[in-house]
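A structural walkthrough
The chain contents come next:
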Amino acid sequence: MKSEYSQKIKAQPPIKEENITIETPKEVAAGLPGVIASAKHIFGEMQVTGGLKTLFKVNQFNGFDCPGCAWPDPDHHRSRLGEYCENGAKAIAEEATAKRVNPDFFAKYTVAELSNYSDYWIGKQGRLTHPMILKPGERHYKKISWVEAFKLIGKQLNELASPNEAIFYTSGRTSNEAAFLYQLFVRQYGTNNLPDCSNMCHESSGVALGETLGIGKGSVKLEDFYQTDLILILGQNPGTNHPRMLSALKIAKEKGAKIITINPLPEAGLMRFINPQQISSMASSGTALTDLFLQVKINEDIALLKAIMKLMLDEEEQNGGVFDHAFINQNTVGYQELIADLKTQSVADLAAQAGISLIQVTEAAQMIMEAKTMISCWAMGITQHKNGVNNIREIVNMLLLKGSIGKPGAGTCPVRGHSNVQGDRTMGIWEKPKPAFLDKLQSTFNFEPPRANGYNTVEAMEAMYEGKAKVFFAMGGNFLSATPDTEYTAKALQNCELTVQVSTKLNRSHLVHGKTALILPCLGRTELDMQASGKQFVTVENSMGVVHQSRGGLKPASPFLLSEPKIVAQLAKATLGKNSKTDWNKLVDNYDNTRDAIEKVIPGFENYNKRVRKKGGFYLPNCARDGDFKTASGKAQFSVNAISQHQLQADQYLMMTIRSHDQFNTTIYGLDDRYRGIFNGRRIVLINPDDMEAARLVQGDFVDLVSTYDGVERIAQYFMVVPYNIPQQCIATYFPEANVLIPYNQFADRSHTPISKSVVVRVRLVD
Ligand code: SF4
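This one's a predicted model, so the numbers in the text were calculated from it and none came from an experiment. (Residues numbered from 1 in each chain as written. Predicted model: local features only at pLDDT ≥ 70, side-chain atom pairs only at ≥ 80, totals over all residues. Heavy atoms only, no water.)

Re the overall build of the protein
A tally of regular secondary structure across the protein gives 30 helices and 33 strands. If you line up the protein on its principal axes, its C-alpha atoms span 75 × 65 × 55 Å. The proportion of buried residues among the 767 residues of the protein is 64%. Here the analysis covers contacts within the protein between residues at least 6 apart in sequence; of these, 79% occur between residues at least 24 apart. Accessible area for the protein stands at about 27500 Å²; split by element, carbon and sulfur atoms hold 52% of it. Between the averaged position of the 83 positive side-chain charges in the protein and that of its 79 negative side-chain charges there is a distance of 7 Å. (Helix = DSSP H or I, 4+ residues; strand = E, 2+ residues; numbered from the N terminus. Buried < 20%, exposed > 50% of the residue type's maximum accessible area, 1.4 Å probe, protein only. Contact = heavy atoms within 4.5 Å. Areas by Shrake-Rupley, 256 points an atom, 1.4 Å probe, with all protein chains shown as cover. Lys, Arg positive; Asp, Glu negative; His and termini not counted. Charge placed at Lys NZ, Arg CZ, Asp CG, Glu CD.)

This is the structure:
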């Protein structure tokens, strides 16, 4: 039975009175408003001189990597005016803030009191300064020494009946060096329970691309955008989530490329862009990006892509010259099966299901047929569905028909949302490690790694909820707010004997915790990292597979912070003791030693320390980019994928969770969503005006959102109704506020990515 006190702890962002204002959505991204917003955040959190100096260091050859998304930097040059976007500036301001969360702060607030503040308020309190502990039954976090903290964790881990009772989660900001050491420690400890944030975002991409092209990563380089005829953007909002992509799209347009975007929302960043770094652009109304906008219904991308491919097939059969048969015959398998399936399809039915007119489908097919090369880009709007893997296989089908893979200006581009999420996976942060990787680890470090697969994120939630897992350790992130089914995850975390969070800032996962809870404050990406051998740099891998340096230079927020690699080394020594033959001190005294170890274990990192010191770093091998498809058949794989089956009742909607423009994953930078015209609030639901009329709703009404799966009702309360240009029976809300509606056990086939973009809900008017 939960105590009265613990019942006061809020797992969900509390419902706060908000004075939300609604304006007409914008049709152009960035420009002067972007510059003003960047300045507001940077100078709001840092001193002017420090702020400016830091901005001129981000994403520069000898600077630090932006802790935001994983969009690449230009290979050969960096702009002196700066290589960052508005949301990069916000991410830096959050980390380099002058505000501090120190022991006095924790003495002032109980955990329950803190949990009744909004995520925005919690995140704005500043940088953590000291290791903190919350003992069983206590209400305030208290200071603890690093030595005591590691001793406590080591003891708890060694008292478990099995290493599989512990879970080691990773968030995508963790550097290559920290990630490699972390997986090494965890595997020496004896488990593969290494879930990561990739499980919740691009896991569907990894599975689909692995099956069809033989590598779970995108194949294009940044320069391909400047050589392509056509860019297809599906289920992605780059204006907010990968803003510097807009610069690449602008250059592509200037070089003659066409852009087709497929999205339920007409996002400003897809339509027009003013480049703040170009006076000519600032003096203009911006560059039109999208040539053809296909406002598809939520999760009807397969129907739309099939309709387009069917028209391409019709033209191919009538006049030929549409499909690249030379490429298909030499490099692919499964072509006949796809063609047979397309022949059974009705373009009219598919178009209707997708909510797109036949005229637009025909126009799209024409544009694609005219393009010699094309690039397909996508993000969560494609991956976070039950059929997320099949969505991506269908995207690949179209590229293969065009032979648009493995050559300049062509290929796949899943755009990663977290700065090193791809690097972490490359380093071995995966619950399903390949035998070859474990063999290398074994021969290099002389121990027997566990061979059984571990828990992915959803399985980790279940294991904690069912009491099978008793210790939860998170390297960064905000597990509670990032995962689906918030109340379920809360119970899972509260079931644990011990929860440990390595963090830079306070977040809600610190407030919903195990019987004992520890917060371990680490260095940020912007900060100077001194180890025994002197200044250190770390490395990261962006969405295009470029491994490059990141050198922080700012004075750490507190003298009591440790770097992530150092935390792992100390933890390993405290837990493994004499059972480990690894010289953990050597590995962190100079990170070159860790990189030497990575070179021994992971293919593609030859001469790692030498090559990564070169300007811009180096590209990892990519078989799809080279047209050498390492699939089961040794060929690129066509596939036949079923169209979605969302049989909605009249009063049901498909809900997609989205980020506001003032948000990065679960970090809330501000309460405005400037591009969508929503200001000073977050509990909103975007809904089609005709649906509002049918449901007798008006702007400003408040509603509860209700999902019912397997007879279990989940409610997200008190959302303001906002009329919006979105297809009928489709609605959009922000996460983490709406994550409570997403059932933990509803996820994508084969990838287990939660269905955050297509949740069936009803809307209930609040009296
Ligand atoms: S595009 Fe992404 S990586 Fe680049 S500055 Fe913006 S947030 Fe940072």
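Some points on the domain arrangement of the protein
Each domain of the protein was delimited in the assignment, giving domain 1 (6-19 + 649-765), domain 2 (23-95), domain 3 (100-200 + 420-528 + 557-607) and domain 4 (203-414). Once you take the C-alpha centre of each, domain 2 and domain 4 turn out to be 28 Å apart. Looking only at domain 2, the three residues that lose the most surface to domain 4 are Val28, Ala29 and Trp71, adding up to 35% of its buried area. Applying the counting rule to domain 2 against domain 4 returns two salt bridges. For arginine 244, the salt bridge is made with aspartate 73, and the minimal N-O distance between the two is 2.8 Å. Our enumeration of links across domain 2 and domain 4 arrives at eight residue pairs in polar contact (both at pLDDT 80 or more). Every element with two or more residues in the side of domain 2 that touches domain 4 is listed here: β2 (29-30) and α1 (31-45). The element contributing the most residues to the side of domain 2 that touches domain 4 is α1, with three residues. Residues belonging to the side of domain 2 that touches domain 4 are distributed by class as follows: 12 nonpolar, five polar and five charged. (Domains from an automatic or database assignment. Buried area = accessible area lost by both parts, 1.4 Å probe. Salt bridge = Lys/Arg side-chain N within 4 Å of Asp/Glu carboxyl O. Polar contact = N/O pair within 3.5 Å; in protein donor to acceptor, adjacent residues only side chain to side chain. Nonpolar A, V, L, I, M, F, W, Y, C, P; charged D, E, K, R; others polar.)

Quick word on the packing of helix α14 (residues 301-319) against helix α18 (residues 358-370)
Packing of α14 against α18 brings their axes to within 9 Å, and their N-to-C directions diverge by 60°. Comparing their axes, α18 and α14 come out oblique. Crossing of α14 against α18: the hand is right-handed. Taking contact as the criterion, the partners of Leu304, Ala307, Ile308, Leu311, Met312 and Glu315 in α14 are, on α18, Val361, Thr362, Ala364, Ala365, Ile368 and Met369. For the contact of α14 with α18, a count of residues per class yields 10 nonpolar, one polar and one charged. (Axes fitted to C-alpha atoms, helices over the stretch in contact; angles between N-to-C directions. Parallel < 35°, antiparallel > 145°, perpendicular 65-115°, else oblique. Left-handed = near helix turned anticlockwise from the far one by under 90°.)

Some words on the packing of aromatic side chains
Scanning all chains against the criterion turns up 28 aromatic pairs. A ring pair is formed by tyrosine 608 and phenylalanine 618, whose centres lie 5.9 Å apart and whose planes are at 85°; its orientation type is edge-to-face. Linking tyrosine 608 in helix α29 (residues 608-611) with phenylalanine 618 in strand β23 (residues 618-619), this pair joins segments that are 10 residues apart in sequence. For tyrosine 608, a relative accessible area of 0% gives the class buried. You can call phenylalanine 618 buried: its relative accessible area is 6%. The structure contains a cluster of three or more aromatic residues connected by ring pairs, namely Phe105, Phe106, Tyr109, Tyr117, Trp121 and Tyr141. Looking at lysine 221, its charged tip hangs above the ring of tyrosine 619, at a distance of 4.4 Å from the centre. A cation over an aromatic ring shows up here: arginine 611 above the ring of phenylalanine 618, its NZ or CZ 3.9 Å from the ring centre. (Phe/Tyr/Trp six-rings, centres within 6.5 Å; stacked < 30°, edge-to-face > 60°. Lys NZ or Arg CZ within 6 Å of the ring centre and 35° of its normal.)

Section: the site of the ligand
As a matter of local geometry, the ligand sits amid Asn59, Cys66, Cys69, Tyr84, Cys85, Gly88, Pro243 and Arg244. Its residues assigned to classes, the shell around the ligand comprises five nonpolar, two polar and one charged. (Near = heavy atom within 4 Å.)

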